[in-house]
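Results of the structural survey
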Amino acid sequence: MPLTPWSPWNLWLTPPPEGVLPLAGWTHSLMFVVLFCALVDFVKLLVELLGRSEERRFSSDPTLVTAVIPSRNGARELPATIGELTRFLPPERILVVDDASTDDTGRVAAALGCQVHRFDRRKGKAAAVNYAVYRVRTPYTLLLDDDTRLGGARIPTSLLSEDGFDAVAFHVLPDRRDREGARGNNFLGALQRYEYGKSMEIGKRFHDVTHSVACISGAVGLFRTADLNRLHHRHTGVFQAEDLQRTIIQLLDRNRIVFANEPVWTVAPATLRQWLRQRLTGWYPGLYHQLANFIRLLFRKGVSWRLRYEMAYNLYMVVSDPLKTWSIVVIALTPALRWWGLVLYLTYLAFEVYPYWVVRIPGDRRRAPLLVLLLYPIYGAVNTVLRTASIATWFWFRYVTGTMRPRRGPKDRIA
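Below: a short report on this structure. (Residues numbered from 1 in each chain as written. Predicted model: local features only at pLDDT ≥ 70, side-chain atom pairs only at ≥ 80, totals over all residues. Heavy atoms only, no water.)

**A closer look at the overall build of the protein**
Selection criterion: Secondary structure follows DSSP: runs of H or I at least 4 residues long count as helices, runs of E at least 2 residues long count as strands, and numbering of each begins at the N terminus. Accessibility here uses a 1.4 Å probe with only protein chains present; expressed as a share of the type maximum, an area under 20% marks a residue as buried, one over 50% as exposed, and anything in between as partly exposed. The Shrake-Rupley method, run with a 1.4 Å probe, gives the accessible areas here. Residue values count only the displayed protein chains as cover.
The helix and strand inventory of the protein stands at 14 helices and ten strands. The proportion of buried residues among the 415 residues of the protein is 55%. For the protein, the exposed area adds up to about 19,100 Å²; of that, 62% sits on carbon and sulfur atoms.

Spelled out as structure tokens, the structure:
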């Protein structure tokens, strides 16, 4: 008699009949793990959706602010970035650090009236920030990427000057610079805008309640200049997740970080290759670079439960992502388990329905295209696989090429 697969439902109740090949017991243990991970993800989403804050009110006094823009080969992006920034700040209070660019970055910034400093040898974004902040004379510093557009966003200085907070995160959304606005973006851009929107409208507004926003995006953030100067030596100088590390250093110093729902636009990867490179070599290796800091925050006295919960979830991701990735591979390669793929897809799709209803494009309040909702569970699964693969990337950068080895020191303060 030929062997045929045994149904996983029947395997829970009775042994397989003669001539039927049962699925290995470990596959069912794997399904338990997958369902447990799905439950954890659902609980996290539910907790954050129900615990969000109201939008903060504030006033803006740009005379208290200097903008710092670290840039490498940003000649193409800088004119539009600085053009929008000069609506708020005079060019003499815009400080551009040219990190050994091979294009006309320095000349472009100087022609626009900005203060320009140049590194003859490439030192990295963190070093450029540390160098510039030492030369800022205003109480507050706006850190800004060279491809970030402020648009109509206000600089929320009263949150620092009157309300006593220490740093402010903005509502950052991806956009393609060459299309002038969100409406012209491609489908990959729509996926990223929804991804960013969830992080802002749900994640950051959840942590805003206890002033514990865990990441001020590298695209833009408002800081106390004195804090950036006092804490600069704690940054490892590594590019990957340099913004996450700078934020966690602030939180370890017991600083209070809040969220201002002011939309700003940053250039997003426009092609799948660019997107893969961003995640594999930029974002996710930095997650592993911060594991020790996650643990420090998790067990630090006086830390809010929301921040502990975020750090615990980050550590959980490090453990669960390989299990999830393995389960994706097993489900894809095991014909009798492939129907589990549909079950998991529908489960995560159900998780997305309410966030999809909540997350809107600031300004016109549009939702993402419906196809974004339908494909987002697959997009999330691909991100999980990339986070797992980034363990190898981190190891390569940290121990083989050495590009992620700490390189902090006083040389950050000199050209």
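**A few points about the nonpolar core**
Selection criterion: To qualify as a nonpolar core, a set must consist of buried Ala, Val, Leu, Ile, Met, Phe, Trp, Tyr and Cys residues joined through side-chain atoms within 4.5 Å. Contacts were defined at the residue level, with two residues in contact if any of their heavy atoms lie within 4.5 Å.
Ranked by internal contacts, the top residues of the largest apolar core, which has 71 residues, are Leu85, Ile94, Leu142 and Leu222. When neighbours within four sequence positions are excluded, Leu222 is seen to be in contact with Val65, Tyr140, Thr141, Leu142, Ile155, Pro156, Thr157, Leu160, Asp166, Ala167, Val168 and Phe170. In terms of nonpolar packing, the next biggest core, distinct from the first, is built from 21 residues, Leu349, Phe351, Val359 and Leu373 among them.

**Points about the environment of Thr141**
Spelled out, the test is: Pairing of N or O atoms within 3.5 Å defines a polar contact, subject to two protein rules: one partner must be a possible hydrogen donor and the other a possible acceptor, and residues neighboring in sequence count only if both atoms are side-chain atoms.
Mapped onto the fold, Thr141 is located in strand S6 (residues 140-144). Judged by its relative accessible area of 0%, Thr141 falls in the buried class. As a C-alpha pair, Thr141 and Ala167 span 26 residues in sequence and 9.6 Å in three-dimensional space. Here the side chain of Thr141 touches Thr225 through a polar contact of 2.7 Å, side chain to side chain.

**Quick notes on the side chain of Gln245**
With respect to the helices and strands, the residue Gln245 is situated in helix H9 (residues 242-252). Judged by relative accessible area, which is 2%, Gln245 ranks as buried. Engagement of the side chain of Gln245 in a polar contact is seen with the side chain of Thr236, the distance being 3.0 Å. Sequence-distant contacts of Gln245, that is, excluding residues within four places in its chain, are made with Arg234, His235, Thr236, His289, Gln290 and Asn293.

**Observations regarding the packing of helix H7 (residues 187-208) against helix H14 (residues 370-401)**
What counts here: For every element, the axis is a line fit to its C-alpha atoms; helices are fit only across the contacting stretch, and the angle between N-to-C directions ranges from 0 to 180 degrees. Any angle from 65 to 115 degrees is called roughly perpendicular, while one under 35 is roughly parallel, one over 145 is roughly antiparallel, and all others are oblique. Residues are grouped as follows: Ala, Val, Leu, Ile, Met, Phe, Trp, Tyr, Cys and Pro are nonpolar; Asp, Glu, Lys and Arg are charged; all remaining types, including Gly, are polar.
The N-to-C vectors of H7 and H14 enclose an angle of 80 degrees; their axes lie 10 Å apart at closest approach. The pairing of H7 with H14 is recorded here as roughly perpendicular in orientation. Contacts from Phe187, Ala190, Leu191, Gln192, Tyr194, Glu195 and Lys198 of H7 reach H14 at Leu371, Val372, Leu375, Tyr376, Tyr379 and Asn383. Residue composition of the contact of H7 with H14, by class: nine nonpolar, two polar and two charged.

**Focus: the sheet that holds strand S9 (residues 220-224)**
Put simply, the rule is: By the convention used here, strands pair only if DSSP detects at least 2 bridges between them.
Read from one edge to the other, the open sheet built from eight strands follows the order S5-S4-S3-S6-S9-S8-S10-S7, with strand pairing classed as mixed. Whereas interior strands pair on both sides, the edge strands pair on one side only; in this sheet they are strand S5 (115-119) and strand S7 (148-149). As paired elements, strand S3 (residues 65-71) and S6 share four bridges and run parallel to each other. Residue pairing in the sheet places Thr66 in a bridge with Thr141 of S6.

**Considering the pairing of S5**
The condition that has to hold: Here is how to tell: hold the view so the strands point away, follow the path from the first strand over the helix to the second, and if it runs clockwise the crossover is right-handed.
Strand direction decides the pairing type here: strand S4 (residues 94-99) and S5, joined by five bridges, are parallel. Note that in S5 the partner of Asp98 across the bridge is Arg118. Tracing the backbone out of S4, into helix H4 (residues 105-111) and back to the parallel element S5 gives a crossover that is right-handed.

**Let's talk about the pairing of S4**
Across the six residues of S4, six count as buried, placing the element largely inside the fold. In terms of strand pairing, S3 meets S4 through five bridges, oriented parallel. Paired with Ser71 across the bridge in S4 is Asp98. In this view, the connection linking S3 to its parallel neighbour S4 by way of helix H3 (residues 78-85) has right-handed handedness.

**With respect to the packing of aromatic side chains**
The criterion, for reference: In this scheme Phe, Tyr and Trp rings, the latter by its six-membered ring, pair at centre separations within 6.5 Å, and the angle between planes marks the pair as stacked below 30 degrees, edge-to-face above 60, and tilted otherwise. Put simply, a charge is over a ring when the Lys NZ or the Arg CZ is close to the ring centre, within 6 Å, and near the line of the ring normal, within 35 degrees.
Taken as a whole, this structure holds 16 aromatic pairs when the rule is applied. Measuring from ring centre to ring centre gives 5.4 Å for Tyr376 and Tyr379, while their planes differ by 35 degrees; the resulting arrangement is tilted. Of this pair, Tyr376 and Tyr379 are both found in helix H14, three residues apart, which corresponds to roughly one turn of the helix. Lying across the ring of Trp357, Arg367 places its NZ or CZ 3.6 Å from the centre.

**Brief notes about a nonpolar patch on the surface**
In plain terms, the rule: Think of a patch as exposed residues, more than 30% relative accessible area, with no salt bridge, where like charges cluster within 9 Å and nonpolar side chains (Val, Leu, Ile, Met, Phe, Trp, Tyr) cluster within 5 Å. Definition used for salt bridges: Asp or Glu carboxyl oxygen within 4 Å of a side-chain nitrogen of Lys or Arg.
Together, Phe187, Leu370, Leu371, Leu374, Leu375, Ile378 and Val382 give the surface a local cluster of nonpolar side chains, amounting to about 550 Å² of exposed area. The biggest single contributor to the nonpolar patch is H14, with six residues. Locating Leu375 in the fold gives a position in helix H14. Using a relative accessible area of 33% as the deciding quantity, one classes Leu375 as partly exposed.

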